[in-house]
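A structural walkthrough
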Amino acid sequence: MKGNTTLEKTSCYHCGDDCLTENYTLEDKRFCCHGCKSVYQLLSESQLCNYYTYNDHPGATRARIDRRFDYLSEPSIVGKLIDYTDDQVTMVTFYIPHIHCSSCLWLLEKLNKINPAVHYCRVDFLKKQLNIRFDNYQINLQQLVELLYDIGYEPLISLQDVIKEQNTVGKDHLVQKIALAGFCFGNVMLLSFPEYFGISAYEQSFKQFFGWLNVLFGLPVVFYSGREYFVSAWQNLRRKQLNIDFPLALGIAVLFARTVFEVATHTGAGFADTLCGLVFFLLVGKFVQKKTYHHISFERDYRSFFPVAVNTIVEGKEKPVPLSDLHTGHRILIRNNEIIPADAILLKGQALIDFSFVTGEAIPVSKTLGEIIYAGGRQTGEAIELEVVKPVSQSYLTQLWNNEAFTRKQDNRMLTFNQKVSKYFTVVLLVIAFGSLLFWLPTDIHRGVAAFTAVLIVACPCALALSTPFTMSAALSIFDRNLFYLKNTAVVEQLAAIDTIVMDKTGTITTSDNDRIQLNAQLNEAEKAWVYNICMHSNHPLSRMICRYLGSREWMPVSGLSEIAGRGITGSISGREIKIGSEQHVGAYSNGLFTGTKVHVSIAGTYKGYFSLAQQYREGLKNIANLEQGYEMFLLSGDQDHERFELVRFFKHSGRLFFNQSPQDKLDFIGRLQQQGNKVMMIGDGLNDAGALKQSDLGIAVTDNVNNFSPGSDAIMDGRSFAKLPSFLKFSKDTVRIIHISFLISLTYNFIGLSYAVTGMLSPLFAAILMPVSTVTIISFTSIATHVAAKKRRLS
């Protein structure tokens, strides 16, 4: 390229990132790095370039790290990862976070064209899982993972995947139960029509036959589809509690018993249609309530963050060892961007450790030889060697998970509206039922029993039981569309009850990009062009950020280029040596006035100054700060307090800003607020917030990519929706009000039905009409009202 050429800002053909160099070009296509170019070359050689026709820039940026998958050659580790193996074939399932579009499905399911040793691949798009069967004579697990890595689909293999201790929910066969109840409901309604419209004398012989058919259809509905209601009611009675399942189970039992009695004694047609309809609608409500995010985990801990194995050094050679076998005294090798899995002493190399995910400190920390480095830090420099001083289970990081906040069950930490109302509803229902029985008993025992059972049938809280799931499921869909993912429907009511908000700083109210750059150096235009051309040859994130800041510059030849990981880059242009990097690399002395991240510059031995990279606050932080009018607001940060002055602009009460907070400090702070009667919501992003998230009444993890690691929480918020938090809080309160109104509507229907039921003259036709009408009314009201409330809060 000629010296007077100016670089134009173009996008990588593979992944869409900005191309900061023209070093990677193939077939007139520009790539941002060697990795993306290699993926395109591989796909082109395999005649799979249709991958790019389905979506623009469908790939992912990747930078190959040598020997990172060596641990997959260890039989003890392989045996824990695979699903099935024999002499010829092996089957394995991987979780691949980057699966996101139709191009991903197309490419992954054609993996056998790239390597014939792969027999077939099947993608579960919702769960982002890839099931592969391959010939283990021609390719092993390590080579298979390297192949996926080479095309940009690296599997996420973590310690938690191997241990497999996630709380798996047993299959409840809910869909089968709904299908059975729906089938029986339709048939019973069909057989009941002659009874509704009157049976002629000629058809009287079929009356009993239809009645017994209805009883037969009712049997599987009661004892299979409706069984869970009886089990739940019985379990709560043993705990001396009354939940909403008790009146539901009582209503189902009475409906079935009265139907059998009337058919057997030829005194009526029974209530089989109402029975089947009741169970069917209740199960549909339960199905709607069980919304699942297959690609999001709300139950993550440090094991999801740690690797499966680590490279140890034995007699001068590397040997992968499973983390469970890592013991005190082992010498381990940690390369750039790898996690330190256990507390260890630094023996060799320059350690520059990023502890942001453990302590919240945003600036990487330099460690000296002989110093202890705690587990959970990520090495950002050259390869280092350490000696383990504590096993994984006893490290500083894992001690946090021994706290009781992680061991106790915390689902539904606040009672929901249904739970509060159901016990009173049940008591009132029984009082009215027995009152009706006692009223008619002296004059007409048969009418007294009829009134008693009719009250239990009509007042069965079907509409009440349906109002919450349908309202909450509509609310969850609104939150979902706004990139706010709730663990379950109970979280909506927990969100509405919050009166105190505690936030982390790094990664929560700040973005993970750190892209607010200021130039604190005396550089003319020519010197800026030199700095640009040196940084252009580095893939380090800071170098790329400086290139973006400086914009397109004239291309110049660079000689003597060298880069030291964790320190900086050196090169010569027109005979002038240019150094860019740390103080030690450049030979500078910082005046200490700015405490953020600095990239220093020296040209021809003269120190010119530095680029400062300050924390970039999330868009809409002012909106969040305005919540102080209705909530108590606190900021807890593991970072230093060098940004206190800037944060005071957003938080009115500077006394509620706390810095240098350890993970245990955060957990204890939440506990103290709860002891004062506060309902606390914790918003965090890293392992250092995990204890506080668990301890709080509602924990929200903020992430810029929901597929990346986030600590266990009740909800996961995409960073792009952070500014909408005030709207989310208001909408949750609107949702609870809708439930209260729907409860009043259901009570209105109950009063209408009870006015007939207490007389003991309730007809099956009246019951068959009242139940579906009240159900449809509740479902329609809750769905419409929820979407109107969302529109009012400007939630799409």
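Our subject is the structure that appears above.
This section reports on the structure supplied with the text. (Residues numbered from 1 in each chain as written. Predicted model: local features only at pLDDT ≥ 70, side-chain atom pairs only at ≥ 80, totals over all residues. Heavy atoms only, no water.)

1. Here we look at the overall build of the chain
- Along the backbone of the chain there are 27 helices and 30 strands.
- Out of the 796 residues belonging to the chain, those deemed buried represent 52%.
- Partitioning the contacts of the chain with sequence separation of at least 6, the portion at a separation of at least 24 is 68%.
- In the structure as shown, the chain presents an accessible area of about 36000 Å², 54% of it carried by carbon and sulfur atoms. (Helix = DSSP H or I, 4+ residues; strand = E, 2+ residues; numbered from the N terminus. Buried < 20%, exposed > 50% of the residue type's maximum accessible area, 1.4 Å probe, protein only. Contact = heavy atoms within 4.5 Å. Areas by Shrake-Rupley, 256 points an atom, 1.4 Å probe, with all protein chains shown as cover.)

2. So, the sheet that holds strand β30 (residues 715–718)
- Spatially, seven strands are ordered β18-β30-β29-β28-β19-β26-β27 in an open sheet, and the strand pairing comes out mixed. Of all the strands in the sheet, just β18 (484–486) and β27 (657–658) have a single pairing partner and so form its edges.
- Taken strand by strand, helix α26 (residues 725–757) contacts β18, β19 (500–503), β28 (680–684) and β30, and its axis lies near 150 degrees from that of β28. (Pairing = 2+ DSSP bridges. Axes fitted to C-alpha atoms, helices over the stretch in contact; angles between N-to-C directions.)

3. Observations regarding the packing of aromatic side chains
- In this structure the tally under the stated criterion is 13 aromatic pairs.
- With centroids separated by 5.3 Å and ring planes inclined at 70 degrees, the aromatic side chains of Phe 634 and Phe 669 adopt a geometry described as edge-to-face. Linking Phe 634 in strand β26 (residues 632–636) with Phe 669 in helix α24 (residues 663–675), this pair joins segments that are 35 residues apart in sequence.
- With relative accessibility at 8%, the residue Phe 634 sits in the buried group.
- When its relative accessible area of 10% is taken as the criterion, Phe 669 is described as buried.
- Ring plane angle 55 degrees and centroid distance 5.3 Å describe the contact between Phe 658 and Phe 669, whose orientation is recorded as tilted. Placement of the pair is Phe 658 in strand β27 and Phe 669 in helix α24, with a sequence separation of eleven residues.
- One aromatic cluster in this structure is built from Phe 479, Phe 484, Phe 728 and Phe 731.
- The side chain of Lys 177 reaches across the aromatic face of Tyr 224, ending 5.9 Å from its centre.
- Seen from the ring of Phe 634, Arg 656 lies directly overhead, with NZ or CZ sitting 5.1 Å from the centre. (Phe/Tyr/Trp six-rings, centres within 6.5 Å; stacked < 30°, edge-to-face > 60°. Lys NZ or Arg CZ within 6 Å of the ring centre and 35° of its normal.)

4. Quick notes on the sheet that holds strand β12 (residues 344–348)
- In spatial order, the strands read β10-β9-β11-β17-β12-β15; together these six strands make up an open sheet with antiparallel pairing. Edge positions in the sheet fall to β10 (317–322) and β15 (372–373), since each of these pairs with one other strand and no more.
- Note that strand β11 (residues 331–334) and strand β17 (residues 384–388) share four bridges and pair antiparallel. When the bridges of β17 are listed, Ile 334 appears paired with Ile 384.

5. Considerations on the pairing of strand β22 (residues 568–573)
- With respect to burial, β22 is a largely interior element, five of its six residues being buried.
- Summarising the sheet, strand β21 (residues 559–564) and β22 pair through four bridges and their orientation is antiparallel. By the bridge assignment, Ile 564 is partnered in β22 with Gly 568.
- Once β22 ends, the chain turns through two residues before running back antiparallel as strand β23 (residues 576–581), passing Ser 574 with a positive phi of about 55 degrees.

6. Things to note about the nonpolar core
- Ranked by internal contacts, the top residues of the largest apolar core, which has 98 residues, are Phe 479, Phe 484, Ile 501, Met 503, Ile 509, Phe 651 and Met 681.
- Leu 43, Ile 96, Ile 114 and Val 145 belong to the second-largest nonpolar core, a separate cluster that totals 37 residues. (Core = buried A, V, L, I, M, F, W, Y, C linked by side-chain atoms within 4.5 Å.)

7. Details of the pattern of salt bridges
- Inspection of every chain in the model, using the stated rule, returns 13 salt bridges.
- As a salt-bridge pair, Glu 385 and Arg 331 come within 2.7 Å of each other at their nearest N and O atoms. Of this pair, Glu 385 sits in strand β17 while Arg 331 sits in strand β11, and the two are 54 residues apart along the sequence.
- The salt bridge involving Lys 608 is made with Glu 527; its shortest N-O contact spans 3.1 Å. One end of the pair, Lys 608, is in strand β25 (residues 606–614); the other, Glu 527, is in helix α19 (residues 525–535), with 81 residues separating them in the sequence.
- Here the residues in one salt-bridge network are Lys 177, Arg 227 and Glu 228, joined through shared partners. (Salt bridge = Lys/Arg side-chain N within 4 Å of Asp/Glu carboxyl O.)

8. Things to note about helix α15 (residues 417–440)
- Taking 1.5 Å of rise per residue, 24 residues should cover 34 Å, and α15 covers 35 Å from first to last C-alpha, within 8% of that figure.
- Buried within α15 are the following residues: Phe 417, Asn 418, Val 421, Ser 422, Phe 425, Thr 426, Leu 429, Ala 433, Ser 436, Leu 437 and Trp 440. (Expected span 1.5 Å × (residues − 1).)

9. Points about unusual backbone geometry
- The phi angle at Leu 483 is positive, at roughly 65 degrees, despite the residue not being glycine.
- Turning to its location among the elements, Leu 483 is positioned in the loop between α17 (462–481) and β18.
- A relative accessible area of 22% places Leu 483 in the partly exposed class.
- In this structure, Ala 604 takes a positive phi of about 55 degrees despite not being glycine.
- Tracing the backbone shows Ala 604 in the loop between β24 (597–603) and β25.
- For Ala 604, a relative accessible area of 52% puts it in the exposed group.

10. Regarding the pairing of strand β13 (residues 351–354)
- By the alternation rule, side chains of β13 split into Ala 351 and Ile 353, which are all buried, and Leu 352 and Asp 354, of which none is buried.
- Pairing geometry for β13 and strand β14 (residues 365–367), over three bridges, is antiparallel. In the strand pairing of β14, Ala 351 is matched with Lys 367.
- One ladder, built from two bridges, connects β13 with strand β16 (residues 378–379); its direction is antiparallel. From the neighbouring strand, Asp 354 faces β16, where its bridge partner is Arg 378.

11. Structural notes on a nonpolar patch on the surface
- Together, Leu 438, Leu 441, Ile 445 and Val 449 line one region of the surface with nonpolar side chains, adding up to about 370 Å² of accessible area.
- Within the secondary structure layout, Leu 438 lies in helix α15.
- The exposure class assigned to Leu 438 is exposed, which follows from its relative accessible area of 57%. (Patch = residues over 30% accessible without salt bridge, like charges linked within 9 Å, V, L, I, M, F, W, Y side chains within 5 Å.)

12. Re helix α16 (residues 445–458)
- For α16, with 14 residues, the first-to-last C-alpha span of 20 Å sits near the 20 Å given by 1.5 Å per residue.
- The buried fraction of α16 is high, at ten of 14 residues.
- Of the positions making up α16, those classed as buried are Gly 448, Ala 450, Ala 451, Phe 452, Thr 453, Ala 454, Val 455, Leu 456, Ile 457 and Val 458.

13. Some points on the packing of helix α11 (residues 245–265) against α15
- At their nearest, the axes of α11 and α15 sit 8 Å apart, and the two run at 35 degrees to each other. Counting all contacts with α11, which are made through Phe 246, Pro 247 and Leu 250, the residues of α15 involved are Phe 425, Thr 426, Leu 429 and Leu 430.
- A breakdown of the residues in the contact of α11 with α15 according to their chemical character gives six nonpolar, one polar and no charged. (Nonpolar A, V, L, I, M, F, W, Y, C, P; charged D, E, K, R; others polar.)

14. Examining the packing of helix α10 (residues 227–238) against α11
- Look at α10 against α11: their axes get within 8 Å of each other, and the N-to-C directions meet at 130 degrees. As the angle between them shows, α10 and α11 are arranged oblique. Judged by the twist between their axes, the crossing of α10 over α11 is left-handed. Facing Tyr 229, Phe 230, Ser 232, Ala 233 and Leu 237 of α10, the residues of α11 in contact are Asp 245, Phe 246, Leu 248, Ala 249, Ile 252 and Ala 253.
- A per-class count over the contact of α10 with α11 returns nine nonpolar, one polar and one charged. (Parallel < 35°, antiparallel > 145°, perpendicular 65-115°, else oblique. Left-handed = near helix turned anticlockwise from the far one by under 90°.)

15. Brief notes about the side chain of Arg 335
- Considering the arrangement of structural elements, one finds Arg 335 in the loop between β11 and β12.
- With a relative accessible area of 15%, Arg 335 lands in the buried category.
- Within the structure, Arg 335 has its side chain in polar contact with the side chain of Glu 318 (distance 2.7 Å). (Polar contact = N/O pair within 3.5 Å; in protein donor to acceptor, adjacent residues only side chain to side chain.)

16. Focus: the state of the cysteines
- By the definition in use, this model includes zero disulfides.
- Cysteine Cys 535 shares no disulfide, and the gap to the nearest cysteine sulfur, in Cys 547, comes to 5.1 Å.
- You can call Cys 535 buried: its relative accessible area is 1%. (Disulfide = S-S within 2.5 Å.)

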